[in-house]
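The residues making up each chain are set out below.
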Amino acid sequence: MKIDYLNLQRITRQHASEIHEAVEKVVNSGWYLQGEATNDFETSYAKYIGTQHCIGCGNGLDALTLIFRAYKVLGKLHEGDEVIVPANTYIASILSLTENRLKPILAEPDAFLQLDATRIETAITPKTRAVLLVHLYGTCAMNDLINDICHRHSLLLIEDNAQGHGLIWHGKRTGSIGDAAAHSFYPGKNLGALGDAGAVTTDDETLAMTIRSLGNYGSSRKYVFPYQGLNSRLDEVQAAVLKVKLKYLDDDNQRRKTIAERYDEELNQRSIKLVRPDNSVYHIYPILCERRDELQEYLASKGIGTMIHYPIPPHQQACYPEWNSLHLPLTEHIAQTELSLPCHPAMTDEEVETVIQTINHWSETY
């Protein structure tokens, strides 16, 4: 039996007829940008998240970048301002800051591999203006302490919700608990398009209007450009696909949770460590293993696909040479030991059982 880490064909096939119908409708309409499909998805997604506004854009990185750029345009952020961000994150979180000439302040993770709230306050300086919270792996990174710190220090709270579609914190969905949130709809995400796509959600009308203009070359009216913008718009085909898949997001997330619960209960922890988050939609199911590479090779030999998220942390990437001497032991340990197991809504019970038995056999053998 071959078990892919992620099989997008199988995931798409679950709703194939509706997706084909939605795409055909767009193709036949002759209108491919800034039309009815995009408006319908933005309205539906804003309602789902629980915000007043949703602005579609080209991808998740653009969504983050546009948020920080808009805050600079509005005078709430300035070049050189500091933003506290988890050190354990995908590089897009960092790129969105440095693209806007903001200074990322890297903070180490907690036991659930998320931004450690206790480290935020010690990282605050007179130049700190915001916290970028990343719901990495689909686990909720928000907590009461972070909320309290942001309020006491008057810090903007920006959510990177690229991996957290469907999470709920204190009765509110992530994407609505901060001042603004970025969403990625990359095909492998819990809510995935058939190509690149992203969005920003917020209750701030002025921010929303500014982001929409910035993503449309800096224009809110044809051939009038109050801002130096860029071209980052959600196209009609992707919007139509996302509108279909949004209907099934909660059910798909429940299937992910069911698989994760089996892993939690049945995996032998003799040679691996489970993360066991309290609140997750399991975009990624991470385990930690000191002999990670051996385990990955063994699983591959048995036809089981896995991934590493992420083998080189941002502060060790060549594109940030100024961090060459920085040592972040917790983040680095995660990079050296993390392994992501297959966990997606198209997985069968038989495949889940095979993954469990194979890992347990390796644990007993090694």
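From a predicted model like this one, the values you see are computed outputs, not experimental measurements.

K.L.:
So, the overall build of the protein chain: which residues are in play, and what are the values?
P.N.:
Across its full length, the protein chain holds 13 helices and 12 strands. Expected size for 366 residues packed as a compact globule is a radius of gyration near 21 Å; at 21 Å, the protein chain falls within 12% of this value. Viewed in the frame of its principal axes, the protein chain has a C-alpha envelope of about 65 × 55 × 40 Å. The buried share of the protein chain, reckoned over its 366 residues, is 56%. A sequence separation of at least 24 residues applies to 71% of the contacts in the protein chain between residues at least 6 apart. When the accessible surface of the protein chain is summed, it comes to about 16200 Å², and 49% of that surface belongs to carbon and sulfur atoms. Of the side-chain charges in the protein chain, 34 are positive and 47 negative, and the distance between the mean point of each set is 3 Å.

K.L.:
I'd like to hear about the sheet that holds strand E12 (residues 338-341), residue by residue, with values.
P.N.:
Taking strand neighbours across the sheet as the criterion, the three strands line up as E10-E11-E12 in an open arrangement whose pairing is antiparallel. Every interior strand has two partners, whereas the edge strands, strand E10 (273-274) and E12, have only one. By the bridge criterion, two bridges tie E10 to strand E11 (residues 285-288) in an arrangement that is antiparallel. Note on E11: the bridge partner recorded for Lys273 is Leu288. Its contacts with the sheet place helix H10 (residues 249-266) against E10, E11 and E12, and it is angled at close to 20° to E11. Along the sheet, helix H12 (residues 329-337) contacts E11 and E12; its crossing angle with E12, the most-contacted strand, is approximately 50°.

K.L.:
Help me get a handle on the sheet that holds strand E1 (residues 53-57), residues and values and all.
P.N.:
Strand order in the open sheet made by the seven strands is E1-E9-E8-E5-E4-E2-E3, with mixed pairing throughout. Each end of this open sheet is capped by a strand with a single partner; those strands are E1 and strand E3 (103-107). The sheet shows a mean angle of 20° between the axes of neighbouring strands, taken without regard to direction. Pairing analysis gives five bridges linking strand E4 (residues 128-134) to strand E5 (residues 156-160), with the strands arranged parallel. Counted as the bridge partner of Ala130 is Leu156 from E5.

K.L.:
Give me the lowdown on the pairing of strand E2 (residues 82-86), citing residues and values where you can.
P.N.:
Taking burial as the measure, the five residues of E2 include five buried ones, the bulk of the element. Neither face of E2 is exposed, since Glu82, Ile84 and Pro86 on one face and Val83 and Val85 on the opposite face are all buried. Where E2 meets E3, five bridges bridge the pair, whose relative direction is parallel. Bridging across to E3, Ile84 finds its partner in Ile105. One crossover worth recording links E2 to the parallel E3 by way of helix H5 (residues 91-99), and it is right-handed. As defined by bridge partners, E2 adjoins E4 across three bridges and the pair is classed as parallel.

K.L.:
Would you mind going over the state of the cysteines in detail, with residue names and values included?
P.N.:
Evaluated as defined, the whole model comprises zero disulfides. Cys140 takes part in no disulfide bond, and the closest cysteine sulfur, belonging to Cys150, lies 13 Å away.

What counts as what
Residues numbered from 1 in each chain as written. Predicted model: local features only at pLDDT ≥ 70, side-chain atom pairs only at ≥ 80, totals over all residues. Heavy atoms only, no water. Helix = DSSP H or I, 4+ residues; strand = E, 2+ residues; numbered from the N terminus. Rg over C-alpha atoms; globule rule 2.2 N^0.38 Å. Buried < 20%, exposed > 50% of the residue type's maximum accessible area, 1.4 Å probe, protein only. Contact = heavy atoms within 4.5 Å. Areas by Shrake-Rupley, 256 points an atom, 1.4 Å probe, with all protein chains shown as cover. Lys, Arg positive; Asp, Glu negative; His and termini not counted. Charge placed at Lys NZ, Arg CZ, Asp CG, Glu CD. Pairing = 2+ DSSP bridges. Axes fitted to C-alpha atoms, helices over the stretch in contact; angles between N-to-C directions. Right-handed = clockwise from strand over helix to strand, strands pointing away. Disulfide = S-S within 2.5 Å.

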